Amino acid sequence: RKQEAFTGEEDQGNDMLRNMLLDTNPYLLAVTAVVSMLHTVFDILAFKNDISFFKNKKSMEGISLRSMIVNVGFSLVILLYLADNETSYMVLMSNGMGLVIDVWK
């Protein structure tokens, strides 16, 4: 706000947000918000179940160590790709948490 008063210009990010909210169908915005929230809830539930499964596992019988290592590599490549393409922090945090859990396994 101080910068706007000083320069007489609005921040370009605020202008983009205002245009998005005014030019986009409200139903589409609502559906996008609901889908994003559901995706976040399902991610958290999947992380919780993954952690509880491996925490209670006494032996690694029936679980391929090789596939777990390959999954860590895939998760790392995906995370680096998303970071390189300047993806939103919400997506980066979700994939980063998945990578941390894969490494912990």
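Scroll up for the structure.
Criteria and thresholds
Residues numbered from 1 in each chain as written. Predicted model: local features only at pLDDT ≥ 70, side-chain atom pairs only at ≥ 80, totals over all residues. Heavy atoms only, no water. Helix = DSSP H or I, 4+ residues; strand = E, 2+ residues; numbered from the N terminus. Buried < 20%, exposed > 50% of the residue type's maximum accessible area, 1.4 Å probe, protein only. Contact = heavy atoms within 4.5 Å. Areas by Shrake-Rupley, 256 points an atom, 1.4 Å probe, with all protein chains shown as cover. Expected span 1.5 Å × (residues − 1). 1 Å grid on protein atoms, 1.4 Å probe; cavity = no way out; pocket = protein on both sides within 12 Å on 5 of 7 lines; lining within 4 Å. Points joined across faces, edges and corners; volume = space filled by probe spheres on them. Nonpolar A, V, L, I, M, F, W, Y, C, P; charged D, E, K, R; others polar. Salt bridge = Lys/Arg side-chain N within 4 Å of Asp/Glu carboxyl O. Axes fitted to C-alpha atoms, helices over the stretch in contact; angles between N-to-C directions. Parallel < 35°, antiparallel > 145°, perpendicular 65-115°, else oblique. Left-handed = near helix turned anticlockwise from the far one by under 90°.

Tell me about the overall build of the protein, and name the residues and values.
For the protein, the helix and strand inventory stands at 5 helices and 0 strands. Its helices and strands taken in sequence order, the protein reads α-α-α-α-α from the N to the C terminus. By residue count, 12% of the 105 residues in the protein fall in the buried class. Across the protein, the fraction of contacts at a sequence separation of at least 24, relative to all contacts at a separation of at least 6, is 50%. Of the accessible surface of the protein, which amounts to about 9,000 Å², a share of 65% is contributed by carbon and sulfur atoms.

Outline helix 5 (residues 89-104), supporting the account with residue identities and numerical values.
Across its 16 residues, helix 5 extends 22 Å between first and last C-alpha, which sits within 8% of the 22 Å expected from 1.5 Å per residue. Of the surrounding elements, those touching the buried residues of helix 5 are helix 3 (26-56) and helix 4 (65-84).

Residues and numbers for the layout of surface pockets, please.
By rolling a water-sized probe across the atoms, one finds the places where empty space is left. Approximately 240 Å³ is the volume found for the largest pocket. As for the largest pocket, its lining consists of Ser36, His39, Thr40, Asp43, Ile44, Phe47, Met90, Val91, Met93, Ser94, Asn95 and Met97. Sorting the residues of the lining of the largest pocket by element identifies helix 3 and helix 5 as the ones contributing at least two each. Of the residues that constitute the lining of the largest pocket, the class distribution is 6 nonpolar, 5 polar and 1 charged.

Which residues make up unusual backbone geometry, and what values go with them?
Here the phi dihedral of Glu86 falls at roughly 55°; this positive angle occurs in a residue that is not glycine. Among the secondary structure elements, Glu86 is positioned in the loop between helix 4 and helix 5. Under the relative-accessibility criterion, Glu86 is labelled exposed at 73%.

Tell me about the pattern of salt bridges, and name the residues and values.
As a working rule, side chains carrying opposite charge can pair if their charged atoms are close by. On inspection of all chains with the given rule, the structure shows 3 salt bridges. In this structure, Lys105 engages Asp50 in a salt bridge whose closest nitrogen and oxygen atoms are separated by 3.1 Å. Of the two residues, Lys105 is situated in the segment after helix 5 and Asp50 in helix 3; the sequence distance between them amounts to 55 residues. Residue Lys105 is classed as partly exposed on the basis of its relative accessible area of 29%.

Can you explain the packing of helix 4 against helix 5? Please cite residues and give values.
Interhelical geometry of helix 4 versus helix 5 gives an angle of 160° and a closest axis separation of 9 Å. One way to sum up the angle between helix 4 and helix 5 is to call them roughly antiparallel. Classified by chirality, the crossing of helix 5 by helix 4 is left-handed. Only Val91, Leu92, Asn95, Gly96, Leu99, Asp102 and Val103 of helix 5 make contact with helix 4, whose side of the interface consists of Asn71, Val72, Ser75, Leu76, Ile78, Leu79, Leu82 and Ala83. Taken together, the residues of the contact of helix 4 with helix 5 sort by class into 10 nonpolar, 4 polar and 1 charged.

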